[in-house]
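# Understanding the architecture of this molecule
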Amino acid sequence: MSEEETTPQTEEDDSEHRRVRRANLEALRDAGMDPYGERFDRSATVAEIQQRYADLEPDQHGGVARLAGRIASQRGQGKVMFWDLVDVTGKLQLYFKIDLLADSYELLRKVDLGDVLGVEGSIFRTRRGELSLQVTSWRVLSKALRPPPDKWKGLRNVELKYRQRYADLLHNAEVRQTFIQRSRILSAIRRYLDGLGFYEVETPTMTSLAGGAAARPFITHHNALDLQLYLRIATELYLKRCIVGGLEKVYEIGRIFRNEGISTRHNPEFTMLELYQAYTDYHGMMEITEGIIDCACREVLGTHQVEFADRSISLLPPFRRATMDELLREHAGAGVHELRDEKRRRELAEKFEVHLPVKTSPGHAMDKIFEATVQEHLIQPTFVLDYPVELSPLAKRQTEDSGLTYRFELFCCGSEIANAFSELNDPDDQRVRFEEQQALKDVDEEAHPLDEDFLTALEYGMPPTGGLGIGIDRMIMLLTGKPSIRDVILFPLLRPRQEG
């Protein structure tokens, strides 16, 4: 059976191929082979075999091996067949010869592309130099009743890529590699933070208040308690409670839920790293941010140079540092203090076609003007420092300018990657900030709620603390060069499929 013969081009073809596969399934059963076999102990992976026998000469035989994987191609019809077996580490040619397999050779014709096989035989290199396994025994471990995705249509079909990620993973080794890298990056982050003495903790996913960020929450209901709950929009306030309780270095890598739109940079469910360290500030968080990215580059990528959106990005620390004021002056023509004047804000908003609602606070107006004028220029990694207090209800005020906070955001390729504060630990100031946020509820549905229990925690005394949040998905987009957040989330949120 050739590879071309098993690639459906239309729905009718697909239905016929599935009918043939079911017939082959029954033929295997009739021959006494369970098409959904039991455990198969491999002696090695494909990559291990390739490494172990890299120096094998043509026509030379090596040792015996037991491999398992999926059939990716089938060639040959007579007394010899050459197939390709693929596992998560790579591809190896299988060599089937009728003299070595006797009756089971004919049964091979009931094996289709995509079937999972366990095989045993001897390793050798063909005269043409192809490392291969000369099969002496085989069995089906799982029969595929659907053919694999079309080699070319599958790559172009975005619907298939995201809605049927399993099919995308089966077909595309690059996609598999992206998610392997994601796993390794997360492991590297954990090793780095554990090495700094941090403790990984877990905080509630459902909360009675949606705090720690400016975002619209998802709402759910607990039937037994008759209680309205929110899926968390951040882990910040609970992690700070840990700092109050004496756990001086804590972090959590967890899912966050925000009831917002979907774009190439936004998915309503995403992964966030948040960490908090007592007795440091946002400068300490800059060092940790650089350390995390440096660690991922060294341990997983093996380089600090990445390609993203046709640009070459250097992730070698230290990163550029610039204040929000400096960047606004450079790109918008007016700094933070000048933009506290409403007339000047309105002039710039009109100039740069930025819509400002009537009751927009000075800080939120600056943020919108910043997005329109500065953000697109932040291509190489840049720490943007010292945000207005209106944008940072949980950050410590600056001693020299009470209208600003000790806060930074890390931008790269025009997108925010990380956000950090010198954390506000004055319970009285925090209460005032929460109350100011409540006054904005009529014009800002994302205004921060007043969290009395968190205020109570602060009254027990929270040491000076640095806090950091990194959007894991966006960071992995950058590190792997993927243009859409859907390319780095295994199962992104999609609309339900409409029949017809």
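Quick note: structure is the one above.
For the structure given in this document, a descriptive report is provided here.

Reading the values: rules and limits
- Residues numbered from 1 in each chain as written.
- Predicted model: local features only at pLDDT ≥ 70, side-chain atom pairs only at ≥ 80, totals over all residues.
- Heavy atoms only, no water.
- Helix = DSSP H or I, 4+ residues; strand = E, 2+ residues; numbered from the N terminus.
- Buried < 20%, exposed > 50% of the residue type's maximum accessible area, 1.4 Å probe, protein only.
- Areas by Shrake-Rupley, 256 points an atom, 1.4 Å probe, with all protein chains shown as cover.
- Lys, Arg positive; Asp, Glu negative; His and termini not counted.
- Charge placed at Lys NZ, Arg CZ, Asp CG, Glu CD.
- Pairing = 2+ DSSP bridges.
- Salt bridge = Lys/Arg side-chain N within 4 Å of Asp/Glu carboxyl O.
- Polar contact = N/O pair within 3.5 Å; in protein donor to acceptor, adjacent residues only side chain to side chain.
- Contact = heavy atoms within 4.5 Å.
- Core = buried A, V, L, I, M, F, W, Y, C linked by side-chain atoms within 4.5 Å.
- Phe/Tyr/Trp six-rings, centres within 6.5 Å; stacked < 30°, edge-to-face > 60°.
- Lys NZ or Arg CZ within 6 Å of the ring centre and 35° of its normal.
- Axes fitted to C-alpha atoms, helices over the stretch in contact; angles between N-to-C directions.

Let us now look at the overall build of the protein. The helix and strand inventory of the protein stands at 16 helices and 18 strands. Counting only C-alpha atoms and orienting by the principal axes, one finds that the protein spans roughly 85 × 50 × 50 Å. In the protein, which comprises 500 residues, the share counted as buried stands at 51%. For the protein, the accessible surface area stands at approximately 24,600 Å², while carbon and sulfur atoms represent 48% of it. Placing the 65 positive and 82 negative side-chain charges of the protein at their respective mean positions leaves the two points 5 Å apart.

For the rest of this paragraph, the subject is the pairing of strand S9 (residues 227–231). Each regular strand shows side chains that alternate between the opposite faces of the sheet. As defined by bridge partners, strand S7 (residues 206–207) adjoins S9 across 2 bridges and the pair is classed as antiparallel. Note on S9: the bridge partner recorded for Met-206 is Leu-231. Looking at chain direction, strand S8 (residues 219–222) and S9 are connected through 4 bridges and run antiparallel. For Ile-219, the partnering residue across the bridge sits in S9 and is Tyr-230. Hairpin remark: S8 followed by S9, antiparallel, with 4 residues in the connecting loop; positive phi at Asp-226, about 50°.

Turning to the pattern of salt bridges, a few remarks are in order. As enumerated under the stated definition, the model contains 35 salt bridges in all. For the salt bridge of Asp-84 with Arg-75, the shortest nitrogen-to-oxygen distance reads 3.3 Å. The class for Arg-75 is partly exposed, based on a relative accessible area of 34%. Arg-433 is paired through a salt bridge with Asp-429; the nearest N and O atoms lie 3.3 Å apart.

This part is about the sheet that holds S7. The strand order across the open sheet formed by 3 strands is S7-S9-S8, and the pairing between neighbours is antiparallel. The open sheet terminates on both sides in strands that have one partner only, identified here as S7 and S8.

With that settled, consider the side chain of Thr-373. With respect to the element layout, Thr-373 can be found in helix H13 (residues 362–373). Residue Thr-373 is classed as buried on the basis of its relative accessible area of 3%. Polar side-chain contacts of Thr-373 include one of 2.7 Å to the backbone oxygen of Ile-369. If we ignore the near neighbours within four places in the chain, the residues touching Thr-373 are Leu-328, His-331, Ala-332 and Phe-352.

The subject of this paragraph is the environment of Ala-23. Among the structural elements, Ala-23 can be located in helix H1 (residues 11–30). Classification of Ala-23 by relative accessible area gives partly exposed; the value is 41%. The sequence separation of Ala-23 and Lys-110 amounts to 87 residues, and the corresponding C-alpha distance is 8.5 Å.

This part takes up the nonpolar core. Leu-273, Leu-275, Ile-292 and Leu-468 are the most contacted members of the largest nonpolar core, which totals 44 residues. Apart from the residues lying within four places of it in its own chain, the contact partners of Leu-468 are Leu-273, Glu-274, Leu-275, Met-285, Ile-288, Thr-289, Ile-292, Phe-408, Ala-418, Asn-419 and Ala-420. Core analysis: the second largest hydrophobic core is formed by 30 residues, Leu-28, Met-33, Trp-83 and Leu-85 among them.

So, about the packing of aromatic side chains. Per the stated rule, a full pass over the model turns up 8 aromatic pairs. One aromatic cluster in this structure is built from Phe-82, Tyr-95 and Phe-124. Here the basic side chain of Arg-241 rests over the ring of Tyr-238, its NZ or CZ set 4.6 Å away from the ring centre. Stacked on the ring of Tyr-387, the Lys or Arg Arg-407 has its end atom at 4.5 Å from the ring centre.

With respect to the element layout, Asp-401 can be found in the loop between strand S15 (382–385) and strand S16 (407–412). Although buried, Asp-401 forms no salt bridge, and the nearest oppositely charged side chain, Arg-340, lies 6.1 Å from it. Polar contacts involving the side chain of Asp-401 include one to the side chain of His-337, which spans 3.0 Å.

With that settled, the discussion passes to unusual backbone geometry. Cis peptide bonds are those with omega within 30 degrees of zero, and the linkage from Pro-317 to Pro-318 qualifies with 0°. Of note, Pro-318 is situated in the loop between strand S13 (311–314) and strand S14 (320–323). A positive phi is found at Asp-310, a non-glycine position, where the angle reads about 65°. Along the chain, the position of Asp-310 falls in the loop between strand S12 (305–308) and S13. Residue classification places Asp-310 among the exposed residues on the basis of a relative accessible area of 82%.

On to the sheet that holds strand S5 (residues 131–142). Read around the closed barrel, 5 strands run S1-S2-S3-S5-S4, paired in mixed fashion. Direction aside, neighbouring strands of the sheet carry axes that sit 55° apart on average. The sheet contact formed by strand S4 (residues 116–125) and S5 spans 10 bridges and is antiparallel. Looking at the pairing, Val-119 lines up with Trp-138 of S5.

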